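Residue-level listing of the chains:
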Number of protein chains: 2
Amino acid sequence: MEERKKKKCWVQFQPSGLKIEVPAGTVLLEAAHKAGIYLSSICGGDGYCGKCKVIIDEGQFQGRPTSLLTPDEIQGNVVLACQTKVLSDMTVTVPKSHALDAGQILMDTDARRFKELAGEVRAGVFEFDPLIQKFCVEMSPPTVQDNTADHERLYLAIREQIDAPIMQTGFRILQKLSRQLSEAGYKVAVTIGRRGGTTEVIEVEPGRRCEINFAVAVDLGTTTVVAHLMDLTNATTIDTEATYNSQINFGEDYIRRIIYAEQNNAFDEMQNRIVHDVNDLIVTLATRQRIDLQDITGIVCAGNTAMVHFLLNLDPTRIRREPYIASVSFVPPIRAAEAGVQINKRGLLYCLPSIAAYVGSDIVAGVLTTRIYTKKRISLFIDIGTNGEVVLGNRDWLVCASSSAGPAFEGSGVRHGMRAGAGAIEKLTILADGSIEFKTIGDTHPAGICGSGLLDTIAELFVNGIIDRTGRFKITDDPRFAEADEGWQFQLVPASNEHQQIVITQADINNLIRSKAGVFAAIRVLMDSTQTKPEDIDAIYVAGGFGNFLNVQQAVTVGMLPDVPLEKIQFVGNTSIAGAKTVLLSRKALETAKKIAEGMTYFDLMSHPGYMDEFVRANFLPHTDLSLFPSVTSVKYEA
Amino acid sequence: MEERKKKKCWVQFQPSGLKIEVPAGTVLLEAAHKAGIYLSSICGGDGYCGKCKVIIDEGQFQGRPTSLLTPDEIQGNVVLACQTKVLSDMTVTVPKSHALDAGQILMDTDARRFKELAGEVRAGVFEFDPLIQKFCVEMSPPTVQDNTADHERLYLAIREQIDAPIMQTGFRILQKLSRQLSEAGYKVAVTIGRRGGTTEVIEVEPGRRCEINFAVAVDLGTTTVVAHLMDLTNATTIDTEATYNSQINFGEDYIRRIIYAEQNNAFDEMQNRIVHDVNDLIVTLATRQRIDLQDITGIVCAGNTAMVHFLLNLDPTRIRREPYIASVSFVPPIRAAEAGVQINKRGLLYCLPSIAAYVGSDIVAGVLTTRIYTKKRISLFIDIGTNGEVVLGNRDWLVCASSSAGPAFEGSGVRHGMRAGAGAIEKLTILADGSIEFKTIGDTHPAGICGSGLLDTIAELFVNGIIDRTGRFKITDDPRFAEADEGWQFQLVPASNEHQQIVITQADINNLIRSKAGVFAAIRVLMDSTQTKPEDIDAIYVAGGFGNFLNVQQAVTVGMLPDVPLEKIQFVGNTSIAGAKTVLLSRKALETAKKIAEGMTYFDLMSHPGYMDEFVRANFLPHTDLSLFPSVTSVKYEA
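So, a few notes on the structure that sits alongside this text. (Residues numbered from 1 in each chain as written. Chains lettered and ligands numbered in written order. Predicted model: local features only at pLDDT ≥ 70, side-chain atom pairs only at ≥ 80, totals over all residues. Heavy atoms only, no water.)

**A closer look at the overall build of chain A**
Within chain A, the secondary structure is distributed over 17 helices and 29 strands. For 639 residues, the compact-globule estimate of 2.2 N^0.38 gives 26 Å, and the C-alpha radius of gyration of chain A, at 27 Å, lies within 12% of that figure. Each of the three principal axes of chain A carries a C-alpha extent, and together these read 100 × 70 × 45 Å. Of all 639 residues assigned to chain A, the portion counted as buried reaches 60%. Within chain A, contacts between residues at least 6 apart in sequence are counted, and of these 68% link residues at least 24 apart. (Helix = DSSP H or I, 4+ residues; strand = E, 2+ residues; numbered from the N terminus. Rg over C-alpha atoms; globule rule 2.2 N^0.38 Å. Buried < 20%, exposed > 50% of the residue type's maximum accessible area, 1.4 Å probe, protein only. Contact = heavy atoms within 4.5 Å.)

**Concerning the side chain of A:Thr26**
Relative to the elements of secondary structure, A:Thr26 occurs in the loop between strand E2 (19–23) and helix H1 (28–35). A polar atom in the side chain of A:Thr26 sits 2.5 Å from the backbone oxygen of A:Pro23. (Polar contact = N/O pair within 3.5 Å; in protein donor to acceptor, adjacent residues only side chain to side chain.)

**Some details on the relation of the copies chain B and chain A**
The two copies are related by a screw operation: chain B maps onto chain A through 180 degrees of rotation and 0.2 Å of translation along the axis, at an RMSD of 0.2 Å. Considering both components of the superposition, the chain copies are consistent with a two-fold axis. The overlap is high: 100% of the interface residues of chain B also sit at the interface in chain A, so the same surface is used on both sides. (Least-squares fit on C-alpha atoms with pLDDT ≥ 70 in both.)

**Here we look at helix H14 (residues 575–585) of chain B**
All names here are of chain B. Counted residue by residue, H14 has 11 buried out of 11 residues, so it is predominantly covered. Here H14 has its buried residues at Thr575, Ser576, Ile577, Ala578, Gly579, Ala580, Lys581, Thr582, Val583, Leu584 and Leu585. A distance of 3.1 Å separates the backbone nitrogen of Ser576 from a side-chain oxygen at the start of H14, and that oxygen is part of Asn574.

**So, the interface of chain B and chain A**
The interface of chain B with chain A comprises 47 residues on the first partner and 47 residues on the second. Surface buried jointly by chain B and chain A totals about 3,800 Å² across both partners, of which 57% is contributed by carbon and sulfur atoms. Linking chain B with chain A are four salt bridges. The interface formed by chain B and chain A holds 20 residue pairs in polar contact (both at pLDDT 80 or more) in total. Per-element tally for the side of chain B that touches chain A: the top contributor is helix H6 (residues 171–183) of chain B, with seven residues. Partitioning the side of chain B that touches chain A into residue classes produces 20 nonpolar, 17 polar and 10 charged. (Buried area = accessible area lost by both parts, 1.4 Å probe. Salt bridge = Lys/Arg side-chain N within 4 Å of Asp/Glu carboxyl O. Nonpolar A, V, L, I, M, F, W, Y, C, P; charged D, E, K, R; others polar.)

**A look at the sheet that holds strand E9 (residues 167–169) of chain A**
All names here are of chain A. What the four strands build is an open sheet, ordered E8-E10-E11-E9; its pairing is mixed. Each edge of the sheet is formed by a strand with only one pairing partner; in this case those strands are strand E8 (132–138) and E9. Ignoring strand direction, the axes of neighbouring strands in this sheet form an average angle of 35 degrees. As paired elements, strand E10 (residues 187–195) and strand E11 (residues 198–206) share eight bridges and run antiparallel to each other. Within E11, the residue paired with Val188 across the bridge is Pro206. (Pairing = 2+ DSSP bridges. Axes fitted to C-alpha atoms, helices over the stretch in contact; angles between N-to-C directions.)

**Some points on the packing of aromatic side chains**
Where two aromatic rings form a pair, the distance of their centres and the angle of their planes describe that pair. Under the criterion given, the structure shown has 18 aromatic pairs over all chains. Ring centres of B:Tyr324 and B:Tyr358 lie 6.0 Å apart, and the angle between their planes is 45 degrees; on these two criteria the pair is classed as tilted. Here B:Tyr358 lies in the loop between strand E17 (348–351) and helix H10 (361–370) and B:Tyr324 lies in the loop between helix H9 (305–312) and strand E16 (334–335), a separation of 34 residues in the sequence. Note on B:Tyr358: relative accessible area 14%, which makes it buried. Grouping aromatic residues by their ring pairs yields a cluster made of A:Phe473, A:Phe481, A:Trp488 and A:Phe490. (Phe/Tyr/Trp six-rings, centres within 6.5 Å; stacked < 30°, edge-to-face > 60°.)

**Some remarks on the sheet that holds strand E22 (residues 436–440) of chain B**
All names here are of chain B. Read from one edge to the other, the open sheet built from three strands follows the order E22-E21-E23, with strand pairing classed as mixed. A single partner strand is all that each edge strand has here, and the edge strands are E22 and strand E23 (448–449). Judged from the two bridges that link them, strand E21 (residues 424–430) and E23 form a sheet pairing that is parallel. In the sheet register, Ala424 faces E23, and the bridge partner there is Gly448. Each of E21 and E23 is contacted by helix H11 (residues 451–463), which is oriented at about 20 degrees to E21, the strand it contacts most.

**Some points on the state of the cysteines**
Residues and elements named next belong to chain B. On inspection of all chains with the given rule, the structure shows two disulfides over all chains. Here Cys136 pairs with Cys210 through a disulfide, and the sulfurs are 1.9 Å apart. Linking Cys136 and Cys210, the disulfide has an S-S dihedral of approximately 95 degrees and is accordingly described as right-handed. A residue pair is termed long-range when its members are at least 10 positions apart, and Cys136 in strand E8 (residues 132–138) and Cys210 in the loop between strand E11 (198–206) and strand E12 (214–220) qualify at 74 residues. The exposure class assigned to Cys136 is partly exposed, which follows from its relative accessible area of 24%. A relative accessible area of 5% means that Cys210 is categorised as buried. Sulfur of Cys82: no disulfide; nearest cysteine sulfur belongs to Cys52 and is 3.7 Å away. No disulfide involves Cys400; its nearest neighbouring cysteine sulfur is the one of Cys351, lying 18 Å away. With relative accessibility at 0%, the residue Cys400 sits in the buried group. (Disulfide = S-S within 2.5 Å.)

**Looking at H11(B)**
All names here are of chain B. The end-to-end C-alpha separation of H11 is 18 Å, in line with the 18 Å expected for 13 residues at 1.5 Å each. Extensive coverage of H11 is indicated by the burial of 13 of its 13 residues. Gly465, located one to two residues past H11, shows a positive phi value of around 70 degrees. (Expected span 1.5 Å × (residues − 1).)

**With respect to the environment of A:Ile509**
All names here are of chain A. Relative to the elements of secondary structure, Ile509 occurs in helix H12 (residues 506–529). As for Ile509 and Ile467, which are separated by 42 residues in sequence, their C-alpha atoms are 9.1 Å apart. Residues in contact with Ile509, not counting those within four places in the same chain, are Ile458, Leu461, Ile467, Gly471, Phe473 and Ile504.

**Remarks on the nonpolar core**
One recurring pattern in soluble globular proteins is that nonpolar side chains are buried together. Ranked by internal contacts, the top residues of the largest apolar core, which has 112 residues, are A:Leu220, A:Ile299, A:Leu312 and A:Leu349. Core analysis: the second largest hydrophobic core is formed by 91 residues, B:Ala227, B:Ala306, B:Leu368 and B:Leu584 among them. (Core = buried A, V, L, I, M, F, W, Y, C linked by side-chain atoms within 4.5 Å.)

**A closer look at the pattern of salt bridges**
Residues and elements named next belong to chain A. Here the structure, examined in full by the defined rule, presents 53 salt bridges over all chains. Glu262 is the salt-bridge partner of Arg320, the closest N and O atoms lying 2.8 Å from each other. You can see Arg320 sitting in the loop between helix H9 (305–312) and strand E16 (334–335) and its partner Glu262 sitting in helix H7 (residues 254–264), a full 58 residues away along the chain. Using a relative accessible area of 26% as the deciding quantity, one classes Arg320 as partly exposed.

**Observations regarding the packing of helix H12 (residues 506–529) of chain B against helix H16 (residues 611–618) of chain B**
Residues and elements named next belong to chain B. For the pair H12 and H16, the least separation of the axes is 8 Å and the interaxial angle reads 135 degrees. It follows that H12 is oblique to H16 by the angle criterion. In the packing of H12 onto H16, the handedness of the crossing is right-handed. In this structure, H12 contributes Arg514, Lys516, Ala517, Gly518, Phe520, Ala521, Ala522, Arg524, Val525 and Asp528 to the contact, and H16 contributes Tyr611, Glu614, Phe615, Arg617 and Ala618. Classifying every residue of the contact of H12 with H16 by side-chain character gives eight nonpolar, one polar and six charged. (Parallel < 35°, antiparallel > 145°, perpendicular 65-115°, else oblique. Left-handed = near helix turned anticlockwise from the far one by under 90°.)

**Quick word on the environment of B:Val341**
All names here are of chain B. As for its position among the elements, Val341 is in the loop between E16 and E17. Assessed through its relative accessible area of 2%, Val341 is described here as buried. Residues Val341 and Ala215, spaced 126 residues apart in sequence, show a C-alpha to C-alpha distance of 12 Å. When near neighbours in sequence (up to four residues on either side) are disregarded, Val341 contacts Val275, Val278, Asn279, Ile282, Ile299, Ala336 and Leu349.

**Some points on the side chain of A:Asn279**
Mapped onto the elements, A:Asn279 comes out in helix H8 (residues 267–288). Excluding residues within four positions of it along the chain, A:Asn279 makes contact with A:Gly340, A:Val341 and A:Gln342.

**A few points about the environment of B:Tyr324**
When its relative accessible area of 23% is taken as the criterion, B:Tyr324 is described as partly exposed. Between the C-alpha atom of B:Tyr324 and that of B:Ala356, which follows or precedes it by 32 residues, the distance is 8.1 Å. Residues contacting B:Tyr324, with those up to four places away along its chain left out, are A:Val144, A:Asn147, B:Arg318, B:Ile319, B:Ala357, B:Tyr358 and B:Asp604.

Structure, rendered in structure tokens:
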């Protein structure tokens, strides 16, 4: 078909009703992306994850052969959107499992929870000394006898109020300064921002709008983006909001997204997506709180290294290639507008420092928040999200590693896995009679299983003898066992008239065990390298995507966490946003974050001689070496 | 006449032949400006200086009555361009006296002279440590074991070569950094700029172009703009160039230009003019030396406060209004491109600090160059240009003032006054027989008299008894005396067939005496205020627009300079450009300039109780108090 006469086709997606016109021959996944429709896709469009299933209701299409669709599905016009080309106008139904509605998801609860966290600053750990400050400055007007120029007059007045040995002022501010000062009778509101060792005058306003100064702290997650709106005059959190990362269309993990961006030269698009998400959050918060965007003068971001690179359109390609390095670990403050972030046009954007390509500033935020860098005794910090990062250490040393175990606990690679959204099973127990009791988020009919539910499932299947120590099903005549083409599966929730059954497959279990094994092996490498014994560990902090209800007991039972007394384990939620807030409110906290990042030793597990052994040994429930899990071996049916 | 049917007229200017189309009714001075023609204008178009005379060769025009034209001139179709409206196509001749041709003027010699000045840096006074530096940086490429991010890797490597505790890098540089380093095999040329307490990475280039780094030093004069092209790798001056300040169309002194800009909202136009002049100089230098503009990475400017404000489009309006203050005295380094200066697009523009509205960074440059701030004994520094600034002091204290005596020694307000260009009388002697001997620049027929010639003229008229101590003509039967409507005049050069006579009028003499009196009164105020006696003064440095041939004896004779032994007086030429060069080549020199500016006490003469008295007393030749000029009172005919 020649380019110039390529016809246009309308594609309508249901149930949203969103329509888009695309040239004939467009891949359906791409059409969906363009229409702003979220379709799950782990492989980034390569046709092997089988996640982007949609139903063609009407219209002509051209598909590629795939083994990922059952005959029934093919009959029902189910296709893989990434392997299907649009040939005419068409209507497509997007199955509910794809539907990510930020309004319904756990993040709201999550965000609210951290709204209540007073934060390290209020707790008095760090002095309240925000990165951006606004204050009233009153100068005596110049006279013939006191003829100091306006610019220097302003500096003198600022230095009476704050410590600012090296000051800078942008050219545009300088140009209007003189007129502004004289018109305002030398009474102005000055906004300053801390930039490394210098202090920048970022805004001068006439009059006394000194009590109006806001900023945003953002957690840039691979899956979700969370923003907290802060009042910088009194260090309070005013409102919170969260959304899915709309880059998700290009792959569920960031490595996939980097590959997609490289193959399609889509770095700008990647940046646009994440910046758009951040702007959406900011506009939502500002609108809801009736705040002018011009009064938001700063933004502090924490996130994994790739996400920070995407946000700023820094080159992320070498994150995924040996020697696996970042473009920038200590991102200097920039003008937010330079990255396209819509706050005050001279407002500043800060990123917490990161440690390595696979240990980002979210982890530095976690260390800052849990304060393990201040403690005499050894702590373990684990952030389990799309990857699983681990930090071990105390006030004298810190080591870290990233397990590339994959996002199984976020539901990827698991038949009925899903994120912690409405309908997700977040708790699951097998009762004495073998029946299964569960709780879903929003108490609706179960649509799938989220991280904490998956952890419960593995632990319960194991302690109830439904799977053995290798994770293999002990097949019995229990009618919930069934054998499909892909192997055995076990029904957790039966089908009803309206809903499909929910099962866990042997492949799912294997994925989840690999994932927990990756985390545990990372912990072991760090412990071995630092000669830390389990009894040396004083506290374990678990952060990340498990939702509100992580059952730490189960995390030990499956062998993800070391077998320490349960009271030593604490689920700390989103420490990335907590750290970003702390930094926003205290310059000292940012300095501390830099020291944490500088002082931390990164272990590359892939090149570490002991890691593979540890990983293989951890691919058991709870572990090959039961002596590492004395409390688990005491479970009755293991006797 | 209705706006919409206003007809267009062509105006051609001779001898240049430049043409321009303007709407009927356009003022001829404005048409000339638009055509890029220089017409003298002191009053800025208000019709009272009478300087903008042109001859209408052909065409219809409408003039306003004026007393500034003689009947002969009116007969000869001479008009004031600022009072004449174009009504039809016309041809206009611009008299030679207006013709300022930078190619013929003294600045070339001047510039060449300062090319030979080795400069303070070479002389070892300041360490060679330029504001902008370029050097090769070679890093070991990252490995899995050495996984420092590119940005921090670069910083570490830079810090091995230079002292840079606080570093900054622009966002655009960061974005391309990673790709650039890896493509260049981690061997790059880095350009850094010093910005206050921080060091900015302003350019990273692949490979080893480290020996190619240029910058420009600029003296922003009210009348002339001078640029020196410097090689930053070896501190040499490569080439020099000068041009007239093209703002001159809007008034010969900067106060007039500020008024014009205010009345016509022409601040942007003012900036465009001076930036255009600077760019012209830079392009001329770069072209002549076959240097890529991208390889010019910095520019350092010195000039009066108004001119620096115009260059950067800072608000200059309060320079001319009480309390007479600058917008900015210590202008921070900015990106040159922000001001429209066409060097490397990330190159930096520095301005030397200024002291007050009427004592600019050119004076700081002068103090830096003459090193009076280092000396135990007291020196006097005088810069005579459009204004006359005076600095007195030593290593312990410095005081300064600006005399608003006007630019008489630049030829303004003097019938046959002109700048130091081709045809200007620069030396004049009255021989024993009463005849006059003179020397013109370029040894051509005299077209007028420049500053040094005017000084000679007053001194010679005085010592030969042609004027008395008040400056009044002692009318005799010497046929060179003549009485015109405006009063008496004295012929210096008779008319020939081709050339007009050159005279000096009583008004001219009064103007010149007022001008020298202003300078001397300023000196006296500073001396009195600091209880400095003439014998305390160890050295007098005279800088500025007198050209190469200032006769210091005559400057004492007329009572402009204190009567000290002549060997103590030194003409030092353009110290503004010399200071700019020193600063460009040494960060320490910039620090020193800041300290000079900070430490100097400014005396506002207009509000000083003693100034008017001193001024009146100085309105004599050499002075009311002859005891101040013992060497002059010894002149024979004063006995």
